[in-house]
Amino acid sequence: MVARLTDLRVQGRRCSFVVRGDQNFANALRRALLSDVQTVAPSSVHVTENTSCMPDEYIAHRIGMVPFRRLGDATGPASSVVASLDVSGRDVTCADIVSGDIVPCRGGTIMTLTASQELHLSISFEAGTGGTHSRFLPVGPVSYAVAADGVAMSFEAITDEVPLVYLRSALAALQTRVCSARSYVREHAAPTECGRDS
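Residues numbered from 1 in each chain as written. Predicted model: local features only at pLDDT ≥ 70, side-chain atom pairs only at ≥ 80, totals over all residues. Heavy atoms only, no water.

A.B. asks: I'd like to hear about the sheet that holds strand β10 (residues 143–147), residue by residue, with values.
C.D. replies: An order of β1-β2-β11-β10 is seen for the four strands of this open sheet, with the pairing classed as antiparallel. Here the strands that pair on one side only, and so sit at the sheet edges, are β1 (4–11) and β10. For this sheet, the mean angle separating the axes of adjacent strands, direction not counted, is 15°. Where strand β2 (residues 14–20) lies against strand β11 (residues 150–156), six bridges are found, and the strand directions are antiparallel. Looking across to β11, one finds that Val 19 is bridged to Val 151. Relative to β11, helix α1 (residues 23–35) is tilted by about 10°, and along the sheet it contacts β1, β2, β10 and β11. Contacting β1, β2 and β11, helix α3 (residues 163–188) crosses the sheet at an angle of about 155° to β1. (Pairing = 2+ DSSP bridges. Helix = DSSP H or I, 4+ residues; strand = E, 2+ residues; numbered from the N terminus. Axes fitted to C-alpha atoms, helices over the stretch in contact; angles between N-to-C directions. Contact = heavy atoms within 4.5 Å.)

Pasting the structure below:
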C-alpha cells in the first residue's frame, strides 16, 4: 500500500499533516524525524578565561543546550566550524556567540557576569543526528493519532528553521533506508527453484 501525505499545514515552527494509506509508514516517518535528520551541535567548549563563580563545565553544559543552525551559504564539514564568545561585566546571551558559519536559533541568557567578571571561550561543532545524541534533535516530540481515514501527525521545530526542511530531510533519510533494505534483500535473497533470485 502506498502512503501519501495530505493536509500539510505550517504555522510558525509547527508542522502538521495526515498520512493516508499506511500506518506503518507514519511510525517510520516519526522515527526518522527523531533519529535521522542531520544537524550541528557543540562538540567542545574551550574556555580561555572565566573569572565568574560558575565552573567551566556548567558554562559548557549551558552552551550545549542551545540549538544552532548553519547559515545557508556555509560550506565545508561541521568540524571546521568554530564560534567565539567574549563578554565582560554583563549578562552573557546566545546573541554573544559569534561565527560566520553558524548562528544560535534561540535567544536567552547563558549566565550573568558582575562588573568585574569576564568570559572568553571558543566553541567547536560537529554534525550528527538525534539517533546518536539528543543534542542533535531539531524537533520536539512528534505526535500522531490514528483515525479511520489516516494518521494525523504533527511536530514542532526546536530551531528557527522552517519545519518543512526537517520533514524533507526525514523523508529523504527514510527513502535511503528503504532503498538500502531493498538492495540488501536483492543481494541476499535465496534463489528460487528456477535458479533465479526472487
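Let us keep going from here.
A.B. asks: Explain the environment of Leu 34 residue by residue, including any values.
C.D. replies: As for its position among the elements, Leu 34 is in helix α1. Spatially, the C-alpha atoms of Leu 34 and Asp 91 are 33 Å apart, while their sequence positions differ by 57 residues. In this view, Leu 34 contacts Gly 130, Gly 131, Leu 137, Val 139, Gly 140 and Val 142; residues no more than four positions away in its chain are not counted.

A.B. asks: An account of the pairing of β2 is requested, with residue identities and associated values reported.
C.D. replies: Counting buried positions along β2 gives five out of seven residues, so the element sits mostly inside the fold. Inspection of the sheet shows β1 paired to β2 by six bridges, in the antiparallel sense. Within β2, the residue paired with Leu 5 across the bridge is Val 19. Hairpin connection between β1 and β2: a loop of two residues separates the two successive antiparallel strands, and Gly 12 in this loop has a positive phi of roughly 65°. (Buried < 20%, exposed > 50% of the residue type's maximum accessible area, 1.4 Å probe, protein only.)

A.B. asks: Give a description of the side chain of His 120 that names residues and reports values.
C.D. replies: Inspection of the secondary structure assignment puts His 120 in strand β9 (residues 118–129). In this structure His 120 comes out as buried when scored by relative accessible area, which is 16%. Polar contacts involving the side chain of His 120 include one to the side chain of Glu 118, which spans 2.8 Å. Every residue in contact with His 120, bar those within four places of it in the chain, is listed here: His 46, Val 47, Thr 48, Glu 49, Leu 85, Asp 86, Val 87 and Ser 88. (Polar contact = N/O pair within 3.5 Å; in protein donor to acceptor, adjacent residues only side chain to side chain.)

A.B. asks: So what's going on with the pattern of salt bridges? Residues and values would help.
C.D. replies: Counted under the stated rule, the structure contains eight salt bridges. The closest approach of N and O atoms between Arg 14 and Glu 156, which form a salt bridge, is 3.9 Å. Taken together, the residues Arg 14 in strand β2 and Glu 156 in strand β11 connect sequence positions 142 residues apart. For Glu 156, a relative accessible area of 33% corresponds to the partly exposed category. A salt bridge links Arg 177 to Asp 36, with the nearest nitrogen and oxygen atoms 2.9 Å apart. (Salt bridge = Lys/Arg side-chain N within 4 Å of Asp/Glu carboxyl O.)

A.B. asks: Before we move on, could you go through empty space enclosed by the protein and cite the residues and values that matter?
C.D. replies: Applying the stated criterion across every chain yields a total of one cavity of 30 Å³ or more. If you add up the space inside the largest cavity, you get close to 60 Å³. Lining the largest cavity are 13 residues, and of these Thr 39, Val 40, Pro 67, Phe 68 and Arg 135 lie nearest its centre. Ranked by the residues each element gives to the lining of the largest cavity, the list is headed by strand β3 (residues 38–50), at four residues. For the lining of the largest cavity, a count of residues per class yields nine nonpolar, three polar and one charged. (1 Å grid on protein atoms, 1.4 Å probe; cavity = no way out; pocket = protein on both sides within 12 Å on 5 of 7 lines; lining within 4 Å. Points joined across faces, edges and corners; volume = space filled by probe spheres on them. Nonpolar A, V, L, I, M, F, W, Y, C, P; charged D, E, K, R; others polar.)

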